[in-house]
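Chains, contacts and geometry: an overview
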Amino acid sequence: MSMDASPCRLAKTSTCPCGAIKCKMVIEKTEKRAESDETVPEAKGRAEKFAQRYGEILEDLKKDPESHGGPPYCILLCRLREQVLREVGFRDVFKKVKDEENAKAISLFPNVINLNDAIEDSENRLETLVRGIFAGNIFDLGAAQLAEVFSKDGLSFLASRQNLVPRPWVIDDLEAFKLKWTNKSWKKASYICSNFAIIFVDNSGADIILGILPFARELLRRGTQVVLAANDLPSINDVTYTELVEIVSMLKDENGQLMGVDITNLFIVNSGNDLPVIDLSSVSQELAYLACDADLVIMEGNGRGIETNLYAQFNCDSINIGLMEDRGSEYYWRLDLGSERIKDLKLSNSNGNIVVKVEFRGSGGLYTYSCPLPQDADFDQRSDRWVSSNNGSFFEITLGKR
């Protein structure tokens, strides 16, 4: 979780390159999900066409990174994937599982709210709400390992919240956020318009219903106007604008409130996005208008908050919050901490394997991150990177100047 209060009202940077993503696994997982889509005739054959076409595109990009409109950043790769899915006839391959998980999460919502409201200390309640966002974000079927765990065992929200890794987290600015939370309510004088906290939401199911909505409800209770920005079109299991409107409608009590909290100042807007990542320079006009005088911006989830926009700068308080799966060297991962944060980087030999050990500065002090370096990794002096590509899995470390 990172927090920033920097000097520019609009985002100076909206995207952050992620390099190539886990190619073979993306194809296999998407194909499997697509061929089970009962709403599409001849789904299996269409899914095979998707796998073939998208695989060809990825091979083209390996040979020529500019072959499909630019270097293979996250946004481009996701856009190409969604484009091919729609070309072969798929619109929402996760629709069934999203509906199922939304129904489960809606049934749990009252209990989660009651447990949160029972916490009298405001800082402890805030930490519980933040942990709830992390726990909800585990429901990410776009992440291969998490999707596999989900398909085998399902996910328990309360157990996940209880069993999160102990603090300090890799980037942990929670104490700074608690201080902001205590000292300001992100509420301007009543005569000033457009004072909002904007939350860019991520997944359906527990993520939006048990993670984000309880947090948004707490903001509303404190007098903050809240904008929830959701995707225009389906992409993996991300919640869409129309789905979120329906979810909130189903959660309203007999008084039209959210478990006793007035939602007059809750606004759901179409972000104009159709990907699991987002380019902040291309949001909808409605969202851009509402964002012009925001007090707090929250980028939630791996795609919007980490793979893109990790270094976006705003002239207001901003939070990037997301749960990263531990991919090790089997999957693509990227470490880009910037020159001002890297303190030391070492390579060591452990049981015959080269291990990268990075020491970097976070808000809570110095942290260390270690992982094995793939055997075929090679250092590219031109880009100051270690890069590996093996069987469709990618490894990349951007060192930065030290």
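Placed above this text is the structure.
Residues numbered from 1 in each chain as written. Predicted model: local features only at pLDDT ≥ 70, side-chain atom pairs only at ≥ 80, totals over all residues. Heavy atoms only, no water.

Here's the deal with the pairing of strand E3 (residues 225-230)
Of all six residues making up E3, six are buried, and the element is well covered by its neighbours. Neither face of E3 is exposed, since Gln225, Val227 and Ala229 on one face and Val226, Leu228 and Ala230 on the opposite face are all buried. Judged from the five bridges that link them, strand E2 (residues 196-200) and E3 form a sheet pairing that is parallel. Across the sheet, the residue bridging to isoleucine 199 is leucine 228, located in E3. For the crossover from E2 across helix H9 (residues 206-221) to E3, the handedness is right-handed. (Buried < 20%, exposed > 50% of the residue type's maximum accessible area, 1.4 Å probe, protein only. Helix = DSSP H or I, 4+ residues; strand = E, 2+ residues; numbered from the N terminus. Pairing = 2+ DSSP bridges. Right-handed = clockwise from strand over helix to strand, strands pointing away.)

A closer look at the side chain of serine 160
Turning to its location among the elements, serine 160 is positioned in helix H7 (residues 157-162). For serine 160, a relative accessible area of 15% gives the class buried. Among all residues touching serine 160, those that are not within four sequence positions of it are Ala135 and Ile138. (Contact = heavy atoms within 4.5 Å.)

As for the environment of cysteine 78
Assignment of secondary structure puts cysteine 78 in helix H3 (residues 74-87). Expressed as a C-alpha distance, the spacing of cysteine 78 and leucine 275, which sit 197 residues apart in the sequence, is 6.4 Å. Those residues in contact with cysteine 78 that sit more than four places away from it in its chain are Leu275, Pro276 and Val277.

Quick notes on unusual backbone geometry
For the peptide bond that leads from arginine 167 to proline 168, omega is 0°, which places it in the cis range. Mapped onto the secondary structure, proline 168 falls in the loop between H7 and helix H8 (174-183). Within the chain, glutamate 42 stands out as a residue other than glycine whose phi angle is a positive 50°. In this structure, isoleucine 236 is a non-glycine residue whose phi angle is positive, near 40°. Note on placement: isoleucine 236 falls in the loop between E3 and helix H10 (241-251).

Some thoughts on the packing of aromatic side chains
Following the criterion strictly, the structure yields six aromatic pairs and no others. Look at phenylalanine 50 and tyrosine 54: their rings are 5.7 Å apart centre to centre, the planes differ by 15°, and that puts the pair in the stacked class. Here the residue phenylalanine 50 and the residue tyrosine 54 both occupy positions in helix H2 (residues 43-63), the gap between them amounting to four residues, near one helical turn. Both residues of the pair, phenylalanine 50 and tyrosine 54, belong to the buried class. Taking the centre distance of 6.3 Å and the plane angle of 35° together, the rings of phenylalanine 177 and phenylalanine 215 count as tilted. With phenylalanine 177 in helix H8 and phenylalanine 215 in helix H9, this residue pair connects regions lying 38 residues apart in the sequence. You can call phenylalanine 215 buried: its relative accessible area is 2%. Through a chain of ring-to-ring contacts, the aromatic side chains of Phe177, Trp181 and Phe215 assemble into a single cluster. We note arginine 167 situated over the ring of tryptophan 169; from NZ or CZ to the ring centre the distance is 5.4 Å. The ring centre of tryptophan 181 lies 4.1 Å from the NZ or CZ of arginine 222, which sits over that ring. (Phe/Tyr/Trp six-rings, centres within 6.5 Å; stacked < 30°, edge-to-face > 60°. Lys NZ or Arg CZ within 6 Å of the ring centre and 35° of its normal.)

With respect to the environment of valine 245
Examined against the element boundaries, valine 245 turns out to sit in helix H10. Owing to a relative accessible area of 38%, valine 245 belongs among the partly exposed residues under this scheme. Spatially, the C-alpha atoms of valine 245 and leucine 228 are 10.0 Å apart, while their sequence positions differ by 17 residues.

Some details on the pattern of salt bridges
All chains considered together, the criterion is met by 26 salt bridges. Here glutamate 87 makes a salt bridge to arginine 53, at a shortest N to O gap of 3.9 Å. Here arginine 53 lies in helix H2 and glutamate 87 lies in helix H3, a separation of 34 residues in the sequence. Among the residues examined, arginine 53 registers a relative accessible area of 37% and is labelled partly exposed. Note that lysine 62 is salt-bridged to glutamate 59, the shortest N-O span being 3.6 Å. Remark: glutamate 59 and lysine 62 occur in helix H2; sequence separation between them is three residues, near one turn of the helix. For lysine 62, a relative accessible area of 43% corresponds to the partly exposed category. Take glutamate 59: its relative accessible area is 40%, and that puts it in the partly exposed class. Each of Glu127, Arg131, Arg167, Asp172, Glu175 and Lys178 takes part in one network of salt bridges that share partners. (Salt bridge = Lys/Arg side-chain N within 4 Å of Asp/Glu carboxyl O.)

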